Amino acid sequence: MQGVDDFEAWNRRYWNAWGDALRATQPSGGAAMPGWNDAMDWWSQFARGGLPQGDEAVSRFNAQAQGWFGQMQQLAAQFAGRPANAVDIASAWKQALGGDGANPFAQVFANMPGSAQTDPSKFFESFAPWLQSMQRDGRSWLALPAFGFAREHQERWQQLAQAQVELQQQSQAYQTLLGEAGQDAFARFERKLEARSAPGKQLESVRALFDLWIDAAEEAYADIALSPRFRDAYAALVNAQMTLRGRMQKEVEQMGSQFGMPTRTEVDSAHRKIVELEREQRRLRDAIEALTRQASQPQARSAPDAAPAAPEKAPDKKTTTTKTATKSTKAVSKAKPGRTR
Amino acid sequence: MEGFGPLGFTPDALAQESLRFQAKLRAGLDTLHQVHDIDYGATAREEVWRDGKVVLYRFRGDRAPTARVPLLIVYALVNRPYMVDLQDDKSIVRGLLERGEDVYVLDWGYPDRSDRYLELEDYIQRYIGGAVDHLRHEYRMDGVNVLGICQGGAFSLCFAALNPHKVRNLITMVTPVDFHTSDNMLGNWTRGLDVDLFVDTLGNVPADVMNWCYLTLKPWRLFVQKYVGMVDVLDDPKALEDFLRMEKWIFDSPDQAGEAFRQFVKQFYQGNGFLKGGIDIGGRTVDLRNIEVPILNIYAEQDHLVPPASSRALAGLTGSGDYSELSFRGGHIGIYVSSRAQREVPQAIHDWLAQRAK
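Below is a summary of the structure that appears in this document. (Residues numbered from 1 in each chain as written. Chains lettered and ligands numbered in written order. Predicted model: local features only at pLDDT ≥ 70, side-chain atom pairs only at ≥ 80, totals over all residues. Heavy atoms only, no water.)

Observations concerning helix 6 (residues 195-202) of chain B
Move 1: Here helix 6 of chain B has its buried residues at Val195, Phe198, Val199, Thr201 and Leu202 of chain B. Buried residues in helix 6 of chain B, looked at end-on, bunch into an arc of 165°, giving them a common side.
Move 2: Among the structural elements, helix 9 (228-258) of chain A together with helix 7 (207-215) and helix 10 (258-270) of chain B are those in contact with the buried residues of helix 6 of chain B.
Move 3: Glycine 203 of chain B, located one to two residues past helix 6 of chain B, shows a positive phi value of around 75°. (Buried < 20%, exposed > 50% of the residue type's maximum accessible area, 1.4 Å probe, protein only. Helix = DSSP H or I, 4+ residues; strand = E, 2+ residues; numbered from the N terminus. Arc of directions from axis to C-beta. Contact = heavy atoms within 4.5 Å.)

Below is the structure:
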């Protein structure tokens, strides 16, 4: 494995250099960790290639865990062996993450894997070109009163534009709350550090320092996330996202129907009918079975007290592999005749 | 390092820690490529009943069951039920089989768009009901034992309330009952949601949305700290396998059938129907007082998804004169997979059932 050997050699040089830098740290200076992200990128690259689940876990590690831990290592290196109090350390951490404007929660959320269905920023990213073209084409219409043969189109586009603005506003309100949680996390981190300043309670590793920050951040987040304010902001954000998405879906359907293509609404309508028919069929079947059972009750009375031992062989194994709801109902229907309770 | 504030390590100690971290990463380059077996399932099973995508499995232990009444495990819709039989040393199912229980698990499958209009009635009366009827028929008995887990526990409560004669003993495990406790984050987030708009827009609720929601309950722990912790096990193939198997389970989430999701959020998360009433399943009202059979309610003390207070609210809501609680020291996932769970949970369930089989 030439690649791994290369990585090892490169990595050894990197870590040795970093170790030397740490040992040479002067009280006034903060040891930097040059190339940490590069090192982790290298590692992630060589670590992939096994099971898909392994690759995914490596990706999640590389997406942000390594970055946060690397930053915490830098913080630790800055203060290791120096007389530093909780205020200094917490303040340096805050500065490292952006100072008073730091929003570590926004950073964590932005780097979480998610599709356009989950993360508002990714939602914008995915659909931005489409929305921009819609806006470009419709801009001249948006400000005008809706009338004439294209009135309905104009109204839809106006609603779409409004929905987009609404989502941006709600997203901003949500980010503000996350920002509050972030500032609270810094304050909690400082208090936790203070509590660990007594002899015998000191943190003995970067990992312990890192875990302390995680505790502070989660506590701050829980406080906000359980509040009525967050409930309202969260609901408003999701509702705004769904409104915009719904408007966009409507536009796509509109275009599709102009070309005679089947739409989501039509397919849903068919699925609804199938499920309702299935449900009705099942109710009828149950009613018939109840009547049949009633008619034959003296012969087929169940005897729970004389229950036999468990069936040794699995009875009547159904191997139906049909996929649609309609066919599966048939499979159930086949299984029913002749059974007694 | 007394007198130096909260940090008790020297630059040298920091360098040593970094070297250990590096060694773990290096080992990971080998182990990550050596790990091949993260498949789930420790126990032989066979399909015994099916309705569409929903399958009832019977699990087979090394010896024949001694219990006369089968135990049906009903899991939640939001993850796959193989969590109860994850691997050899993490299997509640295996623990129950070893103690003589006759174990069945209902597997909901993966709903697709054709299932969008499945309602709670379908899940509770059609699927749970179908599986229970199958067992009643095969064992020729009126009622079977039911173990409902998480959302499956809420479904089991509904089923038992609507069909009291079909359940002999009911066990609920990490089951939400009061959805409005002050420590229930999911309950808080869903309270103001326009779920009609949500489902009308999305149809089925995608697995990605569900995963995102669960990860954001504890974003730092579940998305940052956990993967730093992964480095600890990179030099241990067995521990890495366990970690990746758990990862597989966590991200193996089915989409949620839209209508059932709408009803569940409205009636349970928003309406808090077990406490306030108003749960309607297929035109029938759920009244927990109809449940008069023995109930064992197991909750986890550190459960961040279903807080203990949410589960414990069941006390006094049913008509059962034989209600017990079991407190488990652990979290929502630990209750299936921790070594403590393997020691305590199957034994507690078995003992409780055995006492009521006499």
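This is not the end of the story, as more comes after the structure.
Observations concerning the nonpolar core
Move 1: Core analysis: the biggest nonpolar cluster contains 191 residues, and Trp213 of chain A together with Phe274 of chain B have the highest contact counts within it.
Move 2: Top contributing element to this core by residue count: helix 8 (residues 206-225) of chain A, with twelve residues.
Move 3: Discounting chain neighbours no more than four positions away, the residues touching phenylalanine 274 of chain B are Ala154, Leu157, Cys158, Pro176, Val177, Phe179, Phe268, Ile279, Val286, Leu288 and Leu317 of chain B. (Core = buried A, V, L, I, M, F, W, Y, C linked by side-chain atoms within 4.5 Å.)

Section: the pairing of strand 2 (residues 54-60) of chain B
Residues and elements named next belong to chain B.
Move 1: The element strand 2 is largely enclosed, with a buried count of six among its seven residues.
Move 2: Inspection of the sheet shows strand 1 (residues 44-51) paired to strand 2 by seven bridges, in the antiparallel sense. If you follow alanine 44 over to strand 2, its bridge partner there is arginine 60.
Move 3: Hairpin connection between strand 1 and strand 2: a loop of two residues separates the two successive antiparallel strands, and glycine 52 in this loop has a positive phi of roughly 65°.
Move 4: As paired strands, strand 2 and strand 6 (residues 103-107) are joined by four bridges and run antiparallel to one another. (Pairing = 2+ DSSP bridges.)

Considerations on the sheet that holds strand 3 (residues 71-74) of chain B
Strand pairing in a sheet takes place through backbone hydrogen bonds and is either antiparallel or parallel in direction.
Residues and elements named next belong to chain B.
Move 1: In space, the eight strands of this open sheet follow the order 1-2-6-3-7-8-11-12, with mixed pairing throughout. Looking at which strands have only one partner, the edges of the open sheet turn out to be strand 1 and strand 12 (323-328). Averaged over all adjacent pairs, the angle separating strand axes in this sheet is 20°, with direction ignored.
Move 2: As judged from the four bridges shared by strand 8 (residues 167-173) and strand 11 (residues 295-300), these two strands associate in the parallel manner. Bridge pairing in strand 11 links threonine 172 to asparagine 297.
Move 3: Contacts from helix 3 (residues 120-139) reach strand 1, strand 2, strand 3, strand 6 and strand 7 (144-149) within the one sheet, and its direction differs from that of strand 1 by about 115°.
Move 4: Those strands touched by helix 14 (residues 339-357) are strand 3, strand 7, strand 8, strand 11 and strand 12, and its axis lies near 155° from that of strand 8. (Axes fitted to C-alpha atoms, helices over the stretch in contact; angles between N-to-C directions.)

Thoughts on the interface of chain B and chain A
Move 1: Contacts between the two partners involve 103 residues from chain B, matched on the other side by 119 residues from chain A.
Move 2: It is Tyr117, Trp212 and Trp220 of chain B that lose the most area in chain B upon contact with chain A, and together they represent 9% of the buried surface on that side.
Move 3: There are eleven salt bridges connecting chain B and chain A.
Move 4: Between glutamate 121 of chain B and arginine 279 of chain A there is a salt bridge; the shortest N-O distance is 3.9 Å.
Move 5: Applying the counting rule to chain B against chain A returns 31 residue pairs in polar contact (both at pLDDT 80 or more).
Move 6: If one sorts the elements of the side of chain B that touches chain A by residue count, helix 1 (residues 11-34) of chain B sits on top with 15 residues. (Buried area = accessible area lost by both parts, 1.4 Å probe. Salt bridge = Lys/Arg side-chain N within 4 Å of Asp/Glu carboxyl O. Polar contact = N/O pair within 3.5 Å; in protein donor to acceptor, adjacent residues only side chain to side chain.)

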